[in-house]
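Coordinate inspection notes
Next come the chains, spelled out residue by residue.
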Amino acid sequence: MEQQYNQASYITLNDGNKIPNIGFGTWTIKDEQEGYKIVLDAIESGYRLIDTASIYGSEGSVGKAVNQCGLKRSDLFITTKVGKDDLGTNLCFQSLQASLRKLNLQYIDLLLIHWPNAKAPDYEKKLKETWEAFCHFKEAGLVKSIGVSNFLPHHLKIIDNGIIPAVNQIEFHVGYTQDEVVDYCQQKDILVQAWSPLGQRRLNENKTLIDMAKKYNTSIASICLAFVLSHNIVPIPKTQNKQRMIENLHCFDIKLSADDLSILNNMPQTAFSGLHPDTF
Ligand SMILES: NC(=O)c1ccc[n+]([C@@H]2O[C@H](COP(=O)([O-])OP(=O)(O)OC[C@H]3O[C@@H](n4cnc5c(N)ncnc54)[C@H](OP(=O)(O)O)[C@@H]3O)[C@@H](O)[C@H]2O)c1
């Protein structure tokens, strides 16, 4: 397969496995045939990490593209997630089995608990059970790495059984940086991934970003992604458009100055999705 642009390299996780330093998001990509072409385009563009979830409806497309793209399975890194209504020993296993079936894969590279579901009355018990089960899935070779998503420090403490999550995938973008979670994870060598690294288009009208994109002669998306990378965080942008897939990989060419990083780091809260891990 011809690779159009790829400066993606790999980061070593706390369990020794390697993960690409940028990923491709597939939330809202539902139609299997269209989704298959989109994911193939992403792989052709140079993405090696594809992010899906049991609730996205994109696992079929992702699996088809992974199995038919012509690359070795070991050249691709597939993340999927167990949804918040599937926590607990039995349900999380059923969810993993369903994901493996839809993806038509023998193993998942990274399995995440999608949300802590902190409003459920017995959520602490379910989180502990789920994390224990994840540790067994890893031992059994069904998944290579295990992690969480949308976990605040107090959620991470609940699942502490001596096996540290490899990844915490959280909302992170210009205007919403969750500093406390990021600091906590980075101190514990938990890799942070940024979902909605572009703020789901809600940053496109931001005057500061418009001016900065002009200054660096690049797109707002590239500024947003370069900002994420500057925090040693792995972005997983989503786009259905091949030009934008390639454009987004150019974030590696942008080196933001210390002054501009300071402006972006100090931007007042903006483009927050409204989804909070303690209430969603
Ligand atoms: N763990 C979680 O709870 C969680 C939650 C949300 C998302 N995620 C994951 O994170 C991924 C990314 O987040 P997201 O999809 O919410 O948002 P995002 O990547 O921040 O933004 C996606 C939006 O930006 C547009 N876009 C992409 N590149 C662009 C560019 N260069 N110029 C202009 N517009 C551009 C896309 O439109 P087009 O497609 O038309 O280009 C799409 O509307 C998801 O797909 C999913 O895999 C995880």
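Structure first, text after, so check above.
This report concerns the structure included in the present document. (Residues numbered from 1 in each chain as written. Predicted model: local features only at pLDDT ≥ 70, side-chain atom pairs only at ≥ 80, totals over all residues. Heavy atoms only, no water.)

Scanning the protein from terminus to terminus reveals 10 helices and 10 strands. Scaling as 2.2 N^0.38, a compact globule of 280 residues should have a C-alpha radius of gyration of about 19 Å, and the protein matches this with 18 Å. A principal-axis box enclosing the C-alpha atoms of the protein has dimensions of 55 × 40 × 30 Å. Counting all 280 residues of the protein, 56% fall into the buried class. Across the protein, every contact between residues at least 6 apart in sequence was considered, and the portion connecting residues at least 24 apart equals 76%. With the model as given, the accessible surface of the protein reaches about 12,300 Å², and the carbon-plus-sulfur share is 48%. (Helix = DSSP H or I, 4+ residues; strand = E, 2+ residues; numbered from the N terminus. Rg over C-alpha atoms; globule rule 2.2 N^0.38 Å. Buried < 20%, exposed > 50% of the residue type's maximum accessible area, 1.4 Å probe, protein only. Contact = heavy atoms within 4.5 Å. Areas by Shrake-Rupley, 256 points an atom, 1.4 Å probe, with all protein chains shown as cover.)

On to the pattern of salt bridges, then. Where charged atoms from two side chains of opposite charge come close, those side chains can pair. Applying the stated criterion to the full structure yields 9 salt bridges. Notably, a salt bridge pairs Lys138 with Asp15, separated by 3.7 Å at the nearest N-O pair. With Lys138 in helix α4 (residues 123–139) and Asp15 in the loop between β1 (10–12) and β2 (18–20), this pair connects stretches of sequence that are 123 residues apart. Linking Lys126 and Asp122 is a salt bridge whose minimum nitrogen-to-oxygen distance equals 3.8 Å. On the basis of relative accessibility, which here comes to 31%, the residue Lys126 falls in the partly exposed class. The partly exposed category is assigned to Asp122, whose relative accessible area is 34%. A single salt-bridge network, built from bridges that share partners, covers Asp41, Glu44 and Lys242. (Salt bridge = Lys/Arg side-chain N within 4 Å of Asp/Glu carboxyl O.)

Attention shifts here to unusual backbone geometry. Note on backbone geometry: most residues besides glycine have negative phi, and most peptide bonds are trans. At Asn104, a position not held by glycine, the phi torsion is positive, near 55°. Position of Asn104 among the secondary structure elements: in the loop between α3 (89–103) and β6 (108–113). By relative accessible area, which is 53% here, Asn104 ends up exposed. Although it is not a glycine, Asn150 sits at a positive phi angle of roughly 60°. Examined against the element boundaries, Asn150 turns out to sit in the loop between β7 (143–149) and α5 (153–158).

Generally speaking, soluble globular proteins have nonpolar side chains that are buried together. With 77 residues, the main nonpolar core has Phe134, Leu256 and Leu264 as its most contacted residues. The element contributing the most residues to this core is helix α8 (residues 220–230), with 8 residues. Membership of the second largest hydrophobic core comes to 10 residues, among which are Phe77, Leu110, Ala166 and Leu191. (Core = buried A, V, L, I, M, F, W, Y, C linked by side-chain atoms within 4.5 Å.)

It is worth spelling out helix α7 (residues 207–215) at this point. All of the buried residues in α7 are Leu209, Met212 and Ala213. Seen end-on, α7 carries its buried residues on one side only, within an arc spanning 100°. Opposite its buried face, α7 presents the exposed residues Lys207, Lys214 and Lys215, each directed more than 90 degrees away. Next to the buried residues of α7 lie α8 and α10 (258–265). Here α7 starts with a cap whose side-chain oxygen sits 3.1 Å from the backbone nitrogen of Thr208, and that cap is Asn206. Positive backbone phi, approximately 55°, marks Asn217, located one or two places after α7. (Arc of directions from axis to C-beta. Polar contact = N/O pair within 3.5 Å; in protein donor to acceptor, adjacent residues only side chain to side chain.)

Without other data, these values stay purely geometric and don't point to any function.
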